[in-house]
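Descriptive structure summary
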Amino acid sequence: MSVNELYTKFTRVWIPDPEDVWKAAEITRDYTEGQSLLHLKLEDETPLEYPVGPKSNPLPFLRNPDILVGENDLTALSYLHEPAVLHNLRVRFLESNHIYTYCGIVLVAINPYEQLQIYGEEVINAYSGQNMGDMDPHIFAVAEEAYKQMSRDERNQSIIVSGESGAGKTVSAKYAMRFFATVGGSANDTNVEEKVLASSPIMEAIGNAKTTRNDNSSRFGKYIQIGFSRHYHIIGANMRTYLLEKSRVVFQAEDERNYHIFYQLCASASLPEYKDLSLTSAEDFTYTSLGENIFIEGVNDAEDFKKTKEAFTLLGVKDGSQSNIFRIMASILHLGNVQICSERDGESCHILRDDAHLKHFSRLLGVELQQMEHWLCHRKLATSSETYVKKMSSKQAINARDALAKHIYARMFDWIVEHINMSLYTSSKQHSFIGVLDIYGFETFEINSFEQFCINYANEKLQQQFNSHVFKLEQEEYMKEQIPWTLIDFYDNQPCIDLIEARLGVLDLLDEECKVPKGTDVNWAQKLYKQHSSKAQFQKPRMSNTSFIIIHFADKVEYQCEGFLEKNRDTVYEEQINILKASQLQLVADLFNEKDDAPASKSSRVNVRPAKSIPRAPNKEHRKTVGHQFRSSLHLLMETLNATTPHYVRCIKPNDFKESFSFDSSRAVQQLRACGVLETIRISAAGYPSRWTYPDFFSRYRVLMKKSDMTSSDKKLVCKNLLGTLIKEPDMFQFGKTKIFFRAGQVAYLEKLRADKFRAACIKIQKTVRGWLQRVRYRKIRKTAITLQRYGRGYLARRYAEYLRLTRAALVCQKQYRMVRDRRAYLRVRQAVVTIQAYAKGMFTRRIYWEFLLHHKAMIIQKNVRGWMQRKKFKRARNAAITIQCAFRRTRAKQQLKQRKIEARSAEHLKKLNSGMENKIVQLQRKMDDQSKELKIQNEQLQTVNIGLGSEVNKLQKELKQLQGQRNEGGQLTTLQEELERLRAELQEAHALRKRLEEEHSSEKKSLKQRVEELETENSLLKSEKEEMNQRILQQTKNSPDDGSHVSQTEVSLQKELDAERQRYQNLLKEFSRMEQRYDNLKEEMSLNKFQPGHMRNPSNQSSLESDSNYPSVSMSEVGDTEDSIQLVEEMGVEKAAMDISLFMKLQKRVRELEQERKRLQTSVDKMEELAKHRSSEPRSPTSVQETADLAYNNLKREELETENKKLKNDLNNLRKTISERAAQNNSSNELQDGYNLLLSQLKSANEELDARKEEVLILRTQIVNAAQLQEKNEQIQSNNVPEVPEVPEVTEVPEDKEEALRAYQGLTESKRLLETQLQSQSKKHKDELEALHTQIELLKDDIEKKQEILSYTMSLSPEAKVEYSIQQEITRLTNDNLDLKELVEKLEKNERKLKKQLRIYIKKVQELEAQAAALSSRSRPELSRQVTVQRKEKDFEGMLEYYKEDEALLAKTLITDMKPNTVSATVPCLPAYILFMCIRHADYINDDQKVESLLTSTINAIKKVLKKNSEDFETTSFWLANTSRLLHCLKQYSGDEVFMTQNSAKQNEHCLKNFDLAEYRQVLSDLSIQIYQQLIKVAEGIIQPMIVSAMLESESIPSLAGVKPMGYRNRSSSMDTDHGGPSSYTLEALIRQLGQFHGIMRDHGLDPEIVGQVVRQLFHCINAVTLNNLLLRKDVCSWSTGMQLRYNTSQLEEWLRGNNLYQSKAAAILEPIIQAAQLLQVKKKTTQDAEAICSLCTALNTQQIVKVLNLYTPLNEFEERVTVSFIRDIQSRLQNRNDPPQLLVDTKHTFPVLFPYTPSALSLETLHIPASLQLDFLIRV
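Residues numbered from 1 in each chain as written. Predicted model: local features only at pLDDT ≥ 70, side-chain atom pairs only at ≥ 80, totals over all residues. Heavy atoms only, no water.

1. What to know about the overall build of the protein
The criterion, for reference: Secondary structure elements are defined from DSSP: runs of H or I of at least 4 residues count as helices, runs of E of at least 2 residues count as strands, and each element is numbered from the N terminus. Here the term buried applies to any residue with accessible area under 20% of the maximum for its type, exposed to any over 50%, and partly exposed to those in between, with areas from a 1.4 Å probe on protein chains only. Working rule for contacts: check all heavy atoms of both residues, and any pair within 4.5 Å makes them a contact. Note on areas: Shrake-Rupley with a 1.4 Å probe; residue coverage comes only from the protein chains shown.
Looking only at helices and strands, the protein has 52 helices and 26 strands in total. Within the span of the protein, comprising 1822 residues, buried residues form 43% of the whole. Look at the contacts in the protein between residues 6 or more apart in sequence, and 74% of them connect residues 24 or more apart. With an accessible surface of roughly 102000 Å², the protein has 53% of that area assigned to carbon and sulfur atoms.

So this is what it looks like as structure tokens:
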């Protein structure tokens, strides 16, 4: 774009300003390239002519659009330059109170000089797990990014915090470490994270001091490495310090202080334990009073000293060591007060003998007073030949004293740091670490010395590393996106670094001068001038020979050479050090003993003394200068930083007056230049700073496209075509793989085009609307004019008509007047006569009229008076009657009300109400059972038909193969194949019939089920109404109307106290469970350390399917034929079979089958007799063959029945013998004898029944033989008449043995009979199947017709409609198939449940006999303590379960440990709880306290074990919460307490516990229920928490509402988890689906509805808290469209609550804050009326939250307006009277107190059935 296009009228620019650095202006005339003036207008409307030149004064910087102002990331700005950065920071800091801003990879932090509520634990939780850029800028976001990259990339990280003194470096580093301590807390109980945080107050006490710029300035640099394990938990830490400002110990400037520890000691000097230090006020000591101000406003030194002591204790520093540390610190203060007096000669000095401070110093350090006094004023000089002592002047002595004080403090500082590192050291292997570097920023003062030189040297190194890293990231981004790039020119400060640290550099020359015996600062300066004067980075001042200038990257700094050599040498006299080494205080001696001092060799026993005294070599550590040490440590630091991934935090000091939220632009610009932020901007601006993804660019700038440009579905291609037309210069943008890269200013140009497009569209809309309004107005005026004309013309016409009428009237009047005048004279005379007559006649008539009138009025008065009197009498009588009736009816109503109250309290009333419903439900249930039985019979018939058809097909196939082998005729083969195809078609038809029958049954069953549900709903409504009536009656009877209000207030207060107490108790319980969990973890760790690692088999790996019973049980559903039973007897053995009652039941069933067969044979015999009689009277017909076949079949059946009867008889005899033998062996047991007698009596009755059946079979046999003889006679008669049959004489020759004749005849006719029978059955089946096929053909025809209609309809559609219609049809088909399959599955499940119920009935009948048999067979087990000896009948079951003591572990394992929730899903809810209570009841029944205690203890421990194993499984946790609460309710319901027995039935009251009071265990179970509830909430919140933000704030529930804004450095590759596809996105439907799944699981498990409501309420609190917290921490979602989306989402959640009957659970009220936040984003925010509306609307939000939302509100386009600062201030002033808590974010960890209401069960224990699938055969029903 050319200059002419950019610098046009109304374009806004930045111009330099001496006060504000940059000032905003607007161009008033279009600028043409080459002009020397630019016409501007300032914001105050002042005109300005700005001179422009190509070199001296370039064109001003362009301003960014308003929509980009206030961005979270400075790189998102279209124009990247200094004024844009400064303005964006100013707007965010002053208007929105945002102290953090991203600048690419740098976080800019501005010190607010005010405590902000943005660092709480809830804020840490909100930022944890989020990508950098998804939330508002924060130090926690940088820390989370470092933690995430460490865990994802397995690479060490560093956070580099830098800035000026007072910019907030220490606080930022402290908050970063707090984040790591919270997120990466230690896995064990070492509390390493607490120790890491505890090191901060210690280091602040000994390393921080008050300066003119900062009240808590760090006077040293530190690098803290926080070590993490392989699981990324903190395991240790290490601290390295750099360049402690030792000079502060002995000197402080005005209004500054020494290190905090000295003032803390002085403030606590009055404590008894510190009397020995002899300290007074800090004003009394020289080293603490040089700054003339010993106090800091708002700081309590005594309280800080307590925190320091606590930190020492937490880090493991013993009290003795702490006392020694404080003694050394106090000794330094006393050393500073030692008075050194000068002698007269000026060359020597002395110390007063009675100097108290020197005595205190010597006493505290444990050194000799005389030696210290001597060597403070003297020094030793050593030459090559001799050593002598020299006196020092007072100045030299004072310098030596101060050097000693500095040296002592530095050694003490190093010792403390070393011991902190020892406390934070860990022996376990460190997997990775995150380093936090808190180091001084670039400094420049009026007088800059050695300290400033080292600080700026360190910043030069850091800036070089920063520049290379930024450049590397830019390069990686371009290479990743495959963007062609050229080398970006950036400032390289390597020449400056070489000037300082290279060979013969500043540090080398300084060290060399320090080695010279008489080296001076002036000589060193001259060497610098000589060596470096030719270099560009070095300058010599004009007016000084003792200073030099170095041009740093940030600024030009002049250093004074005075003091450089002394500070670099850091000289301390060795004699003073030797005195300290000989200290009686061990700590002092250890401080000054050199680490490299080796003990003397013990091998040499001869001491050789040299002839000459050789001077002692100086210590190695003393040979190293401060500059050399600092350079070495700095190189080590840079190596560490280069080996890690750095993250940068640049702290900015907004003003020098420490005023809160005050911004000085000149100071801010100076620091931005010094800390490298502007360099980052410059590097970004040199390349392609603006980056858009293709979908975001398409969504934002699609308004610039034409309709023809959007035909392609490839958005990437569309974007390329669009940019090719909009931006003519191809170098201004590049296309990457996933993003479009723009040069600086291009996005602003596109925004301008977009705004122009919108503006043109708005103008067009306005033009059209205004034209329409004018046309409407013109039409209205024209219509009005026409109307006025019409009325005017009408008025004139009417006036002319009136004139004509008046003229004609005047003529008529004249004519009439003349006539009247003559007529009036005549009439006057006539009138007089008539008048006289009239008056006379009138007088007489009026007299008569008045008489009649008076008479009439008198009658009317009499009538009314009499009527009034009668009505009054009637009303009086009626009122009296009504009064009497009311009194009587009131008396009778009171009696009836009293009677009804009594009836309403009784249970009989409820029974009467519900009796009709129960009968209806029972009838419907019976009807359903009958239909299911019919369906089962039909299924069996269909299976039989299918089997027959299959066998027939196989048979026909075999015949087909035989015919193919015998004959090769094609005709027959074709016929057989057709027959085969026909049979197959009939088989398919049968299948179709079966399916149709099943569908009919399922539909009818469904309707019945719906009817049952309706009745149940009605029943529940009646019950609820009854309960409400009872509660009203109770309330009316208990509470009097006089004290109602007082009682209600008392109840409310008591309820609040109860909730608070319950909350405290549950918090304690949560803490107890946490400690218990820790104890279990420690036990597991001990067990793991104790045993060697290897594969060990768990008890859970073993099979739990083994049964303790010695005999296999035979299910009643497997009852079969007698042969199967006999075979089973042979396999099991006679003894075992004798005890198996199921075998006996099989025999009984077989007897019943024989009875049915006998009846059938009897019927056939009667028919044969009638047939014989008929044949005797008529000649034989050809059908005798069929009758003969029937007779043979009956004989065959008879023989089979005889054989089976014999076998049954033998089996019964064997059973009888076995039972008698066993009874003889066990004669001693009365119980066994009773069982044997009962079983023997049943066997006898069965035997008698068999004998009766045998006699009946014999009778039938006789009748069959007689019928056979009669038949043979008939055949003989016929054979005599037919001579051509030769076989008849042979048959008739042996008539003696009828049975043999029948057998012979049977052999001849058997095959024929069987074939005929089969053919008849097949023909019948074929007919039925043919009819079914016809029906199916008709159905197929209908289907074909429908499909033809669909096909014709489809052909008439367009291609797009065809596709949509076909998809719709396919979806419909799949839906129908799915519904059919679901119905089939439900039907099968219902059939299965019905079969299970029938099986339970049979098992119920024989369970006691099985238990008796098992008791007889188990000799090894001890006898039970049960007192019952008589076998109970079924009706005597008392709802108790008995088990052996050794089976307790198996019971817990089967019922709890190995129990899966889906195993008992089809049974009674909470079945395990009922079973456990029935076992407890039996233990109570036999008065076995040990058994009760053991069972309850093992139950609780097993439940805890299961919950620990499945700590992340919601279904298991919900299942055991339901069972635990149900067990608790059972213990209450059957405890015998009257409070819990009010709703029990009479039978339930009989089942109450008799011997034990389990109140203590009820409390334990209540605590366990609370723990399980808390675990359930934790699991559910863990599942839904990742879904909340995406579902509530990010997903587009309402399409086309979301807007896209230009993004900055967010979504960069290092911030996103690209390996795993990025973060998962969830929709609102997914969240609601998950909530529905939770609700369904809890409902299916039988959890109490009140608890379900509390769970939902807690989950909704989590949704509200997470959503609101993210809304308050994300600027990109605070817009009008997000408010609309959020309001829609909350309404969907409320609808879900209503749909699941959970609206009364108070969960909807929990969402009120986010509802009000959504409304706040949508309402108008301009006028005072809007402010009043907002204050009255947002009652659930506190003041901070309202102001935060208003500050974060961001318009998505330039047509929206930002919220003004004045409006926000107005809101704050209106809300200042609120007593809101000072908390911005909602506590996501808050848990509402849970209440478990008592809900007794209506289930009676004796009706409970235990499924066989649970494998609880060892439980005995009692």
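2. So, the nonpolar core
This is how it is decided: Among buried residues, the Ala, Val, Leu, Ile, Met, Phe, Trp, Tyr and Cys ones that are joined through side-chain atoms within 4.5 Å form a nonpolar core.
Residues Phe180, Ile261, Tyr409, Ile416, Trp524 and Phe548 are the most contacted members of the largest nonpolar core, which totals 316 residues. For this core, the element with the highest residue contribution is helix H44 (residues 1559-1594), accounting for 16 residues. Leaving out residues up to four positions away in the same chain, tryptophan 524 has contacts with Val506, Leu509, Leu510, Glu513, Phe548, Cys561, Phe564 and Leu565. Core analysis: the next-biggest nonpolar cluster, separate from the first, contains 20 residues, Tyr694, Leu704, Phe733 and Phe742 among them.

3. Remarks on the sheet that holds strand S18 (residues 538-539)
Spelled out, the test is: A pair of strands is labelled paired if DSSP reports no fewer than 2 bridges between them.
Overall, antiparallel pairing links the three strands, which are arranged S18-S19-S20 in an open sheet. Among the strands making up the open sheet, the edge pair consists of S18 and strand S20 (556-560). Of the strand pairs in this sheet, strand S19 (residues 547-551) and S20 are connected by five bridges, and their pairing is antiparallel. Residue isoleucine 550 lies in a different strand from S20, and its bridge partner there is valine 557.

4. What about the environment of serine 1625?
Within the secondary structure layout, serine 1625 lies in the loop between H44 and helix H45 (1628-1644). The class for serine 1625 is exposed, based on a relative accessible area of 62%. Distance in space between the C-alpha atoms of serine 1625 and proline 1586 is 9.0 Å, their sequence separation being 39 residues.

5. Quick look at the sheet that holds strand S11 (residues 221-228)
Filter applied, for reference: Axis definition: a line fit to C-alpha positions, over the contact stretch in the case of helices; interaxial angles, taken between N-to-C directions, run 0 to 180 degrees.
Sheet architecture is open: seven strands sit in the order S6-S7-S21-S8-S17-S11-S12, paired in mixed fashion. One side of each edge strand has no neighbouring strand; the edge strands of this open sheet are strand S6 (100-103) and strand S12 (234-242). On average, adjacent strands in this sheet sit at an angle of 20° to one another, irrespective of strand direction. Pairing analysis gives four bridges linking S6 to strand S7 (residues 106-110), with the strands arranged antiparallel. Looking at S7, one finds that tyrosine 100 is bridged to alanine 109. Contacting strand S8 (157-163), S11, S12 and strand S17 (432-440), helix H22 (residues 626-642) runs over the sheet at an angle of about 145° to S12.

6. Overview of the packing of helix H51 (residues 1743-1752) against helix H52 (residues 1765-1774)
This is how it is decided: These descriptions rest on fixed angle ranges, namely under 35 degrees for roughly parallel, over 145 for roughly antiparallel, 65 to 115 for roughly perpendicular, and the rest for oblique. Side-chain classes follow a simple rule in which Ala, Val, Leu, Ile, Met, Phe, Trp, Tyr, Cys and Pro form the nonpolar group, Asp, Glu, Lys and Arg form the charged group, and the remainder, Gly included, forms the polar group.
For the pair H51 and H52, the least separation of the axes is 10 Å and the interaxial angle reads 175°. The angle between H51 and H52 places the two elements in the roughly antiparallel class. Packed against H51, whose contacting residues are Ile1746, Val1747, Leu1750 and Asn1751, the element H52 presents Phe1767, Ile1768, Ile1771 and Gln1772 at the interface. Classifying every residue of the contact of H51 with H52 by side-chain character gives six nonpolar, two polar and no charged.

7. Describing the pattern of salt bridges
In plain terms, the rule: Here, a salt bridge means any Lys or Arg side-chain nitrogen found within 4 Å of an Asp or Glu carboxyl oxygen.
Applying the stated rule across the entire model yields 34 salt bridges. Lysine 41 is the salt-bridge partner of glutamate 45, the closest N and O atoms lying 3.4 Å from each other. We classify glutamate 45 as exposed; its relative accessible area is 54%. A salt bridge links arginine 667 to aspartate 656; its shortest N-O distance comes to 2.9 Å. Taken together, the positions of arginine 667 in helix H23 (residues 665-675) and aspartate 656 in the loop between strand S21 (645-652) and H23 put the pair eleven residues apart, joining distant regions of the chain. Judged by relative accessible area, arginine 667 falls into the buried class, the value being 8%. If you follow the salt bridges from partner to partner, you end up with Arg219, Glu245, Arg248 and Glu256 in one network.

8. Regarding a negative patch on the surface
Put simply, the rule reads: Note that patches include only residues with greater than 30% relative accessible area and no salt bridge, and the join distances are 9 Å for like charges and 5 Å for nonpolar side chains (Val, Leu, Ile, Met, Phe, Trp, Tyr). Charged residues are defined here as Lys and Arg on the positive side and Asp and Glu on the negative side; His and the ends of the chain fall outside this count. Throughout, a charge is located at the NZ atom of Lys, the CZ atom of Arg, the CG atom of Asp or the CD atom of Glu.
Together, Asp930, Glu934, Glu999, Glu1000, Glu1004, Asp1380, Glu1383, Glu1386 and Glu1389 line one region of the surface with negative charge. Broken down by element, the negative patch gets its largest block of residues, four residues, from helix H38 (residues 1359-1417). Positionally, glutamate 1004 belongs in helix H29 (residues 970-1038).

9. Some remarks on the pairing of S8
Here S8 lies mainly inside the structure; seven of its seven residues are buried. In S8, alternate side chains face the same way, and those of Gln157, Ile159, Val161 and Gly163 on one face and Ser158, Ile160 and Ser162 on the other are all buried. Pairing of S8 with S17 involves seven bridges; the strand directions are parallel. Of the residues in S17, the one forming a bridge with glycine 163 is tyrosine 440. One ladder, built from seven bridges, connects S8 with S21; its direction is parallel. Of the residues in S21, the one forming a bridge with glycine 163 is cysteine 651.

10. What about the packing of aromatic side chains?
Heads up, the condition is: Here the aromatic set is Phe, Tyr and Trp, taking the six-membered ring for Trp, and pairing holds for ring centres within 6.5 Å; pairs whose planes are under 30 degrees apart are stacked, those over 60 apart are edge-to-face, and all others are tilted. Note on criteria: charge over ring means Lys NZ or Arg CZ within 6 Å of the ring centre, with the direction from the centre no more than 35 degrees off the ring normal.
The final tally for this structure, using the stated rule, is 38 aromatic pairs. Relative to tryptophan 1520, the ring of phenylalanine 1519 has its centre 5.1 Å away and its plane inclined at 80°; by these criteria the two rings are edge-to-face. The same class applies to phenylalanine 1519 as to tryptophan 1520, namely buried. An aromatic cluster of three or more residues is present, and its members are Phe450, Phe453, Trp524, Tyr529, Phe538, Phe548, Tyr559 and Phe564. Directly above the aromatic system of tryptophan 14 lies the positively charged group of arginine 63, at a separation of 4.7 Å from the ring centroid. Looking at arginine 1657, its charged tip hangs above the ring of phenylalanine 1792, at a distance of 3.9 Å from the centre.

11. Quick look at helix H17 (residues 521-532)
Defined as follows: To estimate how far a helix should reach, multiply one less than its number of residues by 1.5 Å. This arc is taken over the directions from the axis of the helix to the C-beta atoms.
Taking 1.5 Å of rise per residue, the twelve residues of H17 would be expected to cover 16 Å, and the 16 Å separating its terminal C-alpha atoms lies within 8% of that figure. The complete set of buried residues in H17 reads Asp521, Trp524, Ala525, Leu528, Tyr529 and His532. Projection of H17 onto a plane perpendicular to its axis shows the buried side chains occupying an angular sector of 140°, all on one side. If you follow the buried residues of H17, they end up packed against helix H15 (494-501), helix H16 (506-515), S18, S19 and helix H18 (564-569).

12. Structural notes on helix H13 (residues 394-424)
Given a rise of 1.5 Å per residue, 31 residues ought to cover 45 Å, and the 45 Å separating the end C-alpha atoms of H13 matches this to within 8%. The element H13 is extensively covered by neighbouring structure, given that 22 of its 31 residues are classed as buried.

13. With respect to the pairing of strand S24 (residues 739-742)
Covered by surrounding structure in S24 are Lys739 and Phe741 together with Ile740 and Phe742, the residues of both alternating faces. Pairing of strand S23 (residues 733-735) with S24 involves three bridges; the strand directions are antiparallel. Bridging from a neighbouring strand, phenylalanine 735 pairs with isoleucine 740 of S24. Hairpin remark: S23 followed by S24, antiparallel, with three residues in the connecting loop.

14. Description of the side chain of arginine 1674
Put simply, the test is: As used in this structure description, the phrase polar contact means that two N or O atoms lie within 3.5 Å; if the pair is within protein, one of them must be able to donate a hydrogen and the other to accept it, and residues adjacent in sequence are counted only when both atoms belong to side chains.
By the secondary structure assignment, arginine 1674 is in the loop between helix H46 (1649-1673) and helix H47 (1680-1699). Here aspartate 1676 takes part through its side chain, which lies 3.1 Å from a polar atom of the side chain of arginine 1674. If sequence neighbours within four positions are ignored, arginine 1674 has contacts with Asp134, Met135, Asp136, Val1589, Glu1594 and Leu1752.

15. Thoughts on a nonpolar patch on the surface
A cluster of nonpolar side chains, Ile765, Val769, Trp772, Leu773 and Val776, forms an exposed patch at the surface whose accessible area comes to about 460 Å². Following the sequence through the fold, valine 776 ends up in helix H27 (residues 746-905). Classification of valine 776 by relative accessible area gives partly exposed; the value is 32%.

16. Notes on unusual backbone geometry
Positive phi, close to 55°, is recorded for serine 278, a residue that is not glycine. Within the element layout of this structure, serine 278 appears in the loop between helix H7 (260-267) and helix H8 (286-289). The backbone of glutamate 292 shows a phi angle near 65°, a positive value even though the residue is not glycine. Take glutamate 292: it is sitting in the loop between H8 and helix H9 (301-314).

17. Observations regarding the confidence of the model for the protein
In plain terms, the rule: Known as pLDDT, the predictor's per-residue confidence is scaled from 0 to 100.
Here the protein averages 78 in pLDDT, while 76% of its residues score no lower than 70. No element of the protein has a lower mean pLDDT than helix H36 (residues 1288-1292), at 36, and none a higher one than H7, at 93. Here residues 1090-1144 scores under 50 on pLDDT; set against residues more than four positions off or in separate chains, the count is 66 contacts. Throughout residues 1280-1296 the model reports pLDDT below 50, and contacts reaching past four residues in sequence, or to other chains, amount to two contacts.

18. Things to note about the state of the cysteines
Inclusion rule: Note on disulfides: each one is a pair of cysteine sulfur atoms within 2.5 Å.
Summed over the entire model, instances satisfying the criterion amount to zero disulfides. You can see cysteine 1530 has no disulfide; the closest cysteine sulfur is in cysteine 1470, sitting 8.4 Å from it.

19. Observations concerning the packing of H45 against H46
Inclusion rule: Note: crossing handedness is left-handed where the near helix turns anticlockwise from the far helix by less than a right angle, and right-handed where it turns clockwise.
For the pair H45 and H46, the least separation of the axes is 10 Å and the interaxial angle reads 160°. As summarised for this structure, H45 and H46 are arranged roughly antiparallel, according to the angle between their axes. The handedness of the crossing between H45 and H46 comes out as right-handed. Counting all contacts with H45, which are made through Leu1631, Leu1635, Phe1638, His1639 and Met1642, the residues of H46 involved are Val1652, Val1655, Leu1659, Phe1660 and Ile1663.

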